[in-house]
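Analysis of the macromolecular model
Okay, here's what each chain looks like letter by letter:
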Amino acid sequence: MQETAQNGSEQLGVAQAAAEYLTFTLGSESYGIDILKVQEIRGYDSVTRIANTPAFIKGVINLRGVIVPIVDLRIKFNVGEATYHEFTVVIIINVLGKVVGIVVDGVSDVVALPRESIKPAPELGASLDTRYITGLGTLNDQMLILVDIEKLIGSDELQIVDSAADNSQSEVVNQ
Amino acid sequence: MTTAGGEQSGVDLKRFNEVFFEECAENLAQMEQILISLGDREPDQEEMNAIFRAAHSIKGGAGIFGFEDMTVVTHVMESLLDRLRNHEIAFAPGMIDLFLEAGDAIAMQLAGHRDGKPVQQEAIDRVRARLQQTIDGGTSQASTAPVSQTQTQAPPAGELPTSYRLAFTPEPEIFMRRVRMESIIAELADLAEAGTFRCEARLAEVPDFAGFDPECCITRWEFALVSRANRDQLADVFMFVADEDQLKIEEQPAERRTQAQDAQGEPALPVEGRRAYDRNETAPGAFGRRCGEAESSIRVNVTKVDQLVNQVGELLITQAMLSQVSVGLDPMLHQSLQRGLAQLERNTRDLQASVMSIRLVPISIVFSRFPRLVREIAAKLGKQVELKTAGDSTELDRGLIEKISDPLTHLVRNALDHGLESPEKRVAAGKNPVGTLQLSASQVGGRIVIDVIDDGAGLNRERILAKAAENGIPCSETMSDEEVWQLIFAPGFSTASEITDLSGRGVGMDVVLKNVQAIGGRVQIASEPGKGVRVTISLPLTLAILDGLSVAVGEEKFIVPLNVVIESLQPKAEQLKTVNGREVVQVRGEYLPILKLHSIFNLETCVTEPCRGILVLVEADGERGAVMVDALLDEQQVVVKSIETNYRRVEGSAGATILGDGRVALILDLPELFSMHKQL
Amino acid sequence: MPKKGFVNDVNITLDGDCTMERVTDLHALLAERCAPLTGTPPSAAVVHVDLARVTGIDACGCQLLALFLEQLRRQGIAASAENAEPEIRERVELLGFCALFSGGQPQP
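Residues numbered from 1 in each chain as written. Chains lettered and ligands numbered in written order. Predicted model: local features only at pLDDT ≥ 70, side-chain atom pairs only at ≥ 80, totals over all residues. Heavy atoms only, no water.

Here we come to the overall build of chain B. Summing up its helical and strand segments, chain B has 20 helices and 22 strands in all. Within the span of chain B, comprising 680 residues, buried residues form 49% of the whole. At a minimum sequence separation of 6, the contacts of chain B that also span at least 24 residues come to 69%. (Helix = DSSP H or I, 4+ residues; strand = E, 2+ residues; numbered from the N terminus. Buried < 20%, exposed > 50% of the residue type's maximum accessible area, 1.4 Å probe, protein only. Contact = heavy atoms within 4.5 Å.)

All names here are of chain A. Read across the sheet, 5 strands follow the order β8-β1-β2-β10-β9 without closing on themselves; strand pairing throughout is mixed. Sheet topology places β8 (106-114) and β9 (133-139) at the edges, where each strand pairs with a single neighbour. Averaged over neighbouring strand pairs, the angle between their axes works out to 35° when direction is ignored. Bridge analysis of strand β1 (residues 18-26) against β8 gives 8 bridges, and the strand direction is antiparallel. Paired with A19 across the two strands is L113, which belongs to β8. (Pairing = 2+ DSSP bridges. Axes fitted to C-alpha atoms, helices over the stretch in contact; angles between N-to-C directions.)

When their charged atoms lie close together, side chains carrying opposite charge are able to pair. All names here are of chain B. Throughout the structure, instances matching the rule amount to 33 salt bridges over all chains. For the salt bridge of E222 with R202, the shortest nitrogen-to-oxygen distance reads 3.8 Å. Linking E222 in strand β3 (residues 219-227) with R202 in strand β2 (residues 198-203), this pair joins segments that are 20 residues apart in sequence. With relative accessibility at 26%, the residue E222 sits in the partly exposed group. A relative accessible area of 22% places R202 in the partly exposed class. The partner of E567 in a salt bridge is R588, and the shortest N-O contact between them spans 2.5 Å. (Salt bridge = Lys/Arg side-chain N within 4 Å of Asp/Glu carboxyl O.)

Now for the state of the cysteines. Residue and element names in this part refer to chain B. What the rule picks out here adds up to 0 disulfides over all chains. We note that C217 lacks a disulfide partner, and the nearest cysteine sulfur, in C216, lies 7.1 Å from it. The exposure class of C217 is buried, given its relative accessible area of 3%. (Disulfide = S-S within 2.5 Å.)

Aromatic ring pairs are defined here through the distance separating the ring centres and the angle between the ring planes. All chains considered together, the criterion is met by 11 aromatic pairs over all chains. Between A:F24 and A:Y31, the aromatic rings sit 5.8 Å apart at their centres with planes inclined by 15°, giving stacked as the arrangement. When the centroid spacing of 6.4 Å and the interplanar angle of 25° are considered together, the rings of B:F168 and B:W221 count as stacked. In this pair, B:F168 sits in strand β1 (residues 162-168) while B:W221 sits in strand β3, placing the two residues 53 residues apart along the sequence. You can call B:F168 buried: its relative accessible area is 1%. By relative accessible area, B:W221 is classed as buried at 0%. Through a chain of ring-to-ring contacts, the aromatic side chains of B:F168, B:F197, B:W221, B:F223, B:F238, C:F97 and C:F101 assemble into a single cluster. Above the face of the A:Y84 ring, A:R74 is positioned so that its terminal group lies 5.1 Å from the ring centre. When the ring centre of B:F52 is taken as reference, the NZ or CZ atom of B:R85 above it lies at 4.0 Å. (Phe/Tyr/Trp six-rings, centres within 6.5 Å; stacked < 30°, edge-to-face > 60°. Lys NZ or Arg CZ within 6 Å of the ring centre and 35° of its normal.)

So, on to the interface of chain C and chain B. Contact residues are listed per partner, giving 32 residues for chain C and 29 residues for chain B. Summed over both partners, the interface of chain C with chain B comes to about 2800 Å²; 65% of that surface belongs to carbon and sulfur atoms. Ranking the residues of chain C by area buried against chain B places C:M20, C:Q63 and C:L67 at the top, with a combined share of 23%. At the boundary of chain C and chain B, one finds 1 salt bridge. A salt bridge links C:R91 to B:E182, with the nearest nitrogen and oxygen atoms 3.5 Å apart. If you look at where chain C meets chain B, you find 9 residue pairs in polar contact (both at pLDDT 80 or more). Going through the elements one at a time, α1 (23-37), α2 (59-74), α3 (86-94) and α4 (98-102) of chain C are the ones with two or more residues in the side of chain C that touches chain B. For the side of chain C that touches chain B, the element with the highest residue contribution is α2(C), accounting for 10 residues. (Buried area = accessible area lost by both parts, 1.4 Å probe. Polar contact = N/O pair within 3.5 Å; in protein donor to acceptor, adjacent residues only side chain to side chain.)

All names here are of chain B. When its volume is computed, the second largest pocket comes out at roughly 1500 Å³. Lining the second largest pocket are 43 residues, and of these Q486, E590, E619, G622 and R624 lie nearest its centre. The residue makeup of the lining of the second largest pocket, split by class, is 21 nonpolar, 10 polar and 12 charged. Counting only domains with at least three residues in the lining of the second largest pocket, you end up with domain 4 (362-540) and domain 5 (545-679). (1 Å grid on protein atoms, 1.4 Å probe; cavity = no way out; pocket = protein on both sides within 12 Å on 5 of 7 lines; lining within 4 Å. Points joined across faces, edges and corners; volume = space filled by probe spheres on them. Nonpolar A, V, L, I, M, F, W, Y, C, P; charged D, E, K, R; others polar. Domains from an automatic or database assignment.)

Residue and element names in this part refer to chain B. Here helix α10 (residues 302-327) crosses helix α11 (residues 335-358) at 160°, and the two axes come no closer than 10 Å. Comparing the axis directions of α10 and α11 gives the class roughly antiparallel. Once α10 is placed against α11, the crossing between them reads as left-handed. Contacts between α10 and α11 involve V305, L308, V309, V312, L315, L316, Q319, L322, S323 and S326 on the former and, on the latter, Q338, L341, L344, E345, T348, R349, L351, Q352, V355, M356 and I358. Of the residues contributing to the contact of α10 with α11, the split by class is 13 nonpolar, 6 polar and 2 charged. (Parallel < 35°, antiparallel > 145°, perpendicular 65-115°, else oblique. Left-handed = near helix turned anticlockwise from the far one by under 90°.)

With that settled, the discussion passes to the environment of A:K37. All names here are of chain A. By the element assignment, K37 lies in the loop between β2 (29-34) and β3 (38-43). For the pair K37 and L96, spaced 59 residues apart in the sequence, the C-alpha separation amounts to 9.8 Å. Non-local contacts of K37, meaning those with residues more than four positions away in its chain, are made with I92, I93, N94, V95, I149 and E150.

Look at any regular strand and the pattern is simple: side chains alternate between the two faces of the sheet. Residues and elements named next belong to chain A. Sheet topology note: the β9/strand β10 (residues 142-147) ladder contains 6 bridges and is antiparallel. Note that in β10 the partner of G135 across the bridge is L146. Linking two consecutive strands that pair antiparallel, namely β9 and β10, is a turn of 2 residues; a positive phi of about 50° is found at N140 within it.

Below you can see the structure in the form of C-alpha cells.
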C-alpha cells in the first residue's frame with residue numbers, strides 16, 4: 001500500500017515539473033497552449049457565417065455532427081494575414097465544456113517545458129493581453145508565449161460563452 | 001444510523017431514488033384515475049384493492065428509501081382503506097374527495113423530495129387528521145364490526161393461515177440502492193402469525209475477502225412463516241426490490257389445502273402460483289395483479305435515449321451526404337453502390353423511426369389529468385359536463401407531452417368556462433342539460449392531431465368582432481368566419497373583463513397559440529353557432545426532427561420551418577410598395593413587410609431586389625411577413641442541432657442543422673426575425 | 001467511522017456503525033486483519049469479533065462481517081462475532097445473520 005502511494009506521488013511530481021505544450025505561430029510570435037486542452041488539429045473547412053458577430057468569429061462548422069464555432073485569432077489579435085487556404089490550420093480546443101476551433105498561422109510542435117523554465121509574463125510585448133498569458137517559456141533561444149486558453153475562450157472579449165444565460169438577449173441588442 | 005434516502009445521498013443514490021419517484025407518481029396517478037372514475041359510487045372490491053395497493057406500495061417504497069414523511073399519510077390512508085375493505089367502516093361519498101386530497105398531499109411530498117418544491121406541512125397534517133377522524137368515527141359507529149388492532153392489512157378472520165417458504169435472491173446492487181433490508185424483513189415479519197417467522201441469511205459464495213467489493217450483495221435470504229396473508233401480499237413486500245425471478249414463494253402443502261388449490265388439484269408452484277389467486281379475484285385481500293407490462297419493459301434513463309436519437313441523427317446526415325456524393329456518379333458504372341445506398345437510406349429511415357418510437361409516450365398521460373380538472377371546474381361553475389376521451393393511446397414525443405399539457409389545460413378550462421352553457425340554458429335551447437367535452441387524439445400523416453370539442457353555444461361572430469375592434473385589433477365585417485375565429489388568437493384579445501377565476505388567469509388564447517407554435521404546432525378553430533367549438537392542435541411527431549424548407553441567400557443556406565410557411569411567390573413590380581420607407585408586398589389586399597435575409601444577416605448576394613428573388617410568406621405569432629431569399633432549394637426533414645452547445649445563442653435562429661453536403665445551416669426563428677427587421 | 005479497537009491476535013473490537021455508509025472503511029480495516037490471519041499456517045485458532053461497541057448495523061454490514069468470519073473458518077479458524085448490545089443483536093437476528101455470526105453457514 002505504502003509503496004504504491006509513493007510511486008503515485010512521484011509520478012505526480014514528474015507531471016508537475018514539466019508540462020506539454022502545443023506551439024503555434026501567430027504572425028512572428030510563437031505561442032504555446034496546454035496540450036491537454038487540445039482535442040485535435042484540422043484543416044480549415046468552409047464555415048457557415050453567423051450574422052452580427054465580430055469579424056474574428058468566422059462562423060460555425062460541422063465537426064462530426066457537432067456544431068463548433070471558429071475563432072480566427074489572427075484577426076482578433078491583429079497579427080499575420082487572415083487568408084484561408086489548404087494549409088490554414090484550425091486547433092480544436094476543448095475547454096469549459098465547449099468545443100471551439102481557433103485559426104492560427106501554423107502549428108509547430110509539441111514541447112515539454114520544465115516548470116522552472118517558465119517565467120512570468122511582462123506587462124507589455126505580446127499581441128495578446130497579459131491577462132491571458134500564464135508565462136513565458138524559452139525554446140531553442142526563442143520566446144514562447146504560454147496562453148491560458150481556458151481564460152481566453154471564456155473571456156467576454158471573444159463572446160463565445162454567454163456571460164450570463166439570462167442577459168444574452170439584452171447583450172445582443174446592446175451591441 | 002443515517003437515513004438511507006436522506007440528504008447524504010450521492011449521485012448514484014439519486015438515480016435509484018428516481019425509480020421510486022416514478023413508481024410513486026404512477027401509483028398516485030393510478031389511484032387518482034380510479035377515484036375519479038368512481039364519481040360518488042362506492043368502489044367495488046377490485047377497485048378498492050387497486051387503490052389500497054397503490055397506497056400500500058407508496059408507503060412501502062417510501063419506507064425502504066427513507067422518505068419517512070411520506071409514510072405518514074399513506075399509513076393512515078391505508079388503515080382507512082383496510083377498514084373499508086373489510087366492511088368495518090361504511091363507505092361515504094365524501095371519502096372519495098378525502099382520498100383525492102390525500103393523494104395531493106402525497107404528491108406534494110413527492111415533489112418536495114424530487115424537485116425540492118415547498119411542502120405545506122399544515123395541509124398534510126390536515127389530511128392526515130381527517131383520515132384519522134374518519135377511521136375513528138367510522139369504527140365507533142360500526143358497533144358490530146370487529147376492531148382490528150393490528151396496524152398492517154390484517155386479513156379477515158376465518159381465513160386459515162398458510163405456511164410459506166420464501167427465497168429472496170437480491171440483485172448485487174441492492175445495498176448501493178440503500179434499500180433497507182431490515183424494513184422489508186420487518187414488514188414480512190409483521191405478516192406472520194406470532195412466533196412463526198424465521199429468517200436465515202446465507203452467503204451465496206465466499207470470495208476472497210481483500211478483493212471483495214463490500215457494497216456488492218452476495219447474501220441470499222430464506223424466510224419461513226405462517227401467515228393469513230396470500231401470496232401476492234407477501235410478494236408485495238418485496239415489490240420495490242425484487243423482480244419476479246428474484247423471489248420464490250412456496251406454500252407448504254402439508255398445512256392446509258386452500259380452495260384454489262383444491263380447484264387446481266395440485267399445490268401451487270412457485271411461479272405459476274399467483275394464477276390461483278388471479279382466478280379467484282374475489283378472494284379476500286386479493287390484490288389487483290401486478291402490472292403485466294412491467295415484466296416486458298425496462299426503464300431507461302431519458303438521456304440515453306436522447307443520445308441514441310442524436311446518433312441516429314448523425315447517421316441520417318451521413319447517409320444524406322453519401323447520397324449527395326453518389327448523384328454525381330455514373331449510374332451504369334456504380335450500379336451496386338447506388339443500390340447499396342438506396343438500401344442504406346431505407347434502413348436509416350427505419351432505424352430512425354424505431355428510435356423515435358422509444359421516446360414516444362401515450363397521450364393518456366396528459367388526458368388522465370382532465371377528469372379531475374373537469375369535475376372540479378364543473379362543480380365550481382354549476383355546470384354538468386361529461387368528459388369523453390378518444391385516442392388515449394396515441395403516442396407522441398415525450399418532450400412534446402410536457403409542452404402540450406399547459407395549452408391543452410387552457411383549452412379545456414376555456415371550453416368549460418366560455419363554451420358550455422349552464423344546464424338551464426341548455427335545456428332552453430333544447431339540448432341535453434349535460435354538456436359534452438371531448439378530447440381526442442390521432443395520428444394523421446406525419447403529425448399528431450389533438451381535438452378539443454365542446455357541444456356548447458359556439459363562438460359568437462359579432463361579439464368577437466366587437467371585442468377585436470374595441471381592443472384595436474384590425475378586423476372587418478367582411479372577414480370570413482375562419483378569419484374571425486383566428487382573431488381570438490391575437491395578442492391582447494383576451495381582456496380584463498373576460499378574465500375569470502378559471503380560464504382567464506391573465507393569459508389568453510394567444511399564449512396557447514404561442515406555446516403550440518413553439519413546438520412546431522398549429523392551431524385551428526371551427527365553430528358552429530349553437531352546436532359548439534372544435535379546436536384542433538396539430539403537432540409534429542417529434543422535436544428532434546423538423547420539416548423545413550431550405551433556401552439560399554448568397555453563399556449561405558437557411559432552413560425555414562415549414563409550419564410557418566404559407567406560400568412562396570415571385571412578386572411582380574406592381575405588388576411592391578413602400579410604406580413609411582419600408583418595403584412591403586401586397587398579397588390579396590394585405591401589405592406584408594419584406595424581410596430581406598441578406599440585410600438582416602449581413603450577407604453578400606447579388607439578389608437585393610424583391611422582384612429578382614423569391615418571397616416566402618410566413619406567419620408566426622400572429623404576425624405575417626415575406627422573407628426574401630435568392631432561391632428555394634428543397635423541402636426536407638432536418639435534424640435540429642443546438643448551436644449553444646459550443647457557442648452562444650445566435651439571434652434569429654432557432655438552432656441549426658447539418659445539410660447533406662456536411663455544411664451547417666441555421667434554422668430561422670421567425671418571431672425573432674420580425675423583431676430584428678423592425679430594428680434595422 | 002468504525003475504528004480499530006483493541007487489536008491483538010484474536011480479538012477484534014469494532015466501534016461505531018457497521019452500515020452501508022461506512023462499509024468501505026470497515027472492509028479495509030477487516031482486510032488488514034484478514035491477511036495475516038489467513039496465512040499458512042494460520043496465526044490463530046480462534047478469532048472473536050467483539051460487537052459490544054457497535055452502535056448500528058444493517059444488512060450490508062452484516063454481510064461483510066459474515067464474509068470475514070466465513071473466510072477465517074475456511075482456514076480452520078473458529079471465528080465468531082458476539083457481545084452485541086440487545087438492540088444490535090435483535091437487528092442481526094431480524095436480518096437472519098445469527099447463524100453466520102456464531103457458527104457458520106446455516107443448513108439449507
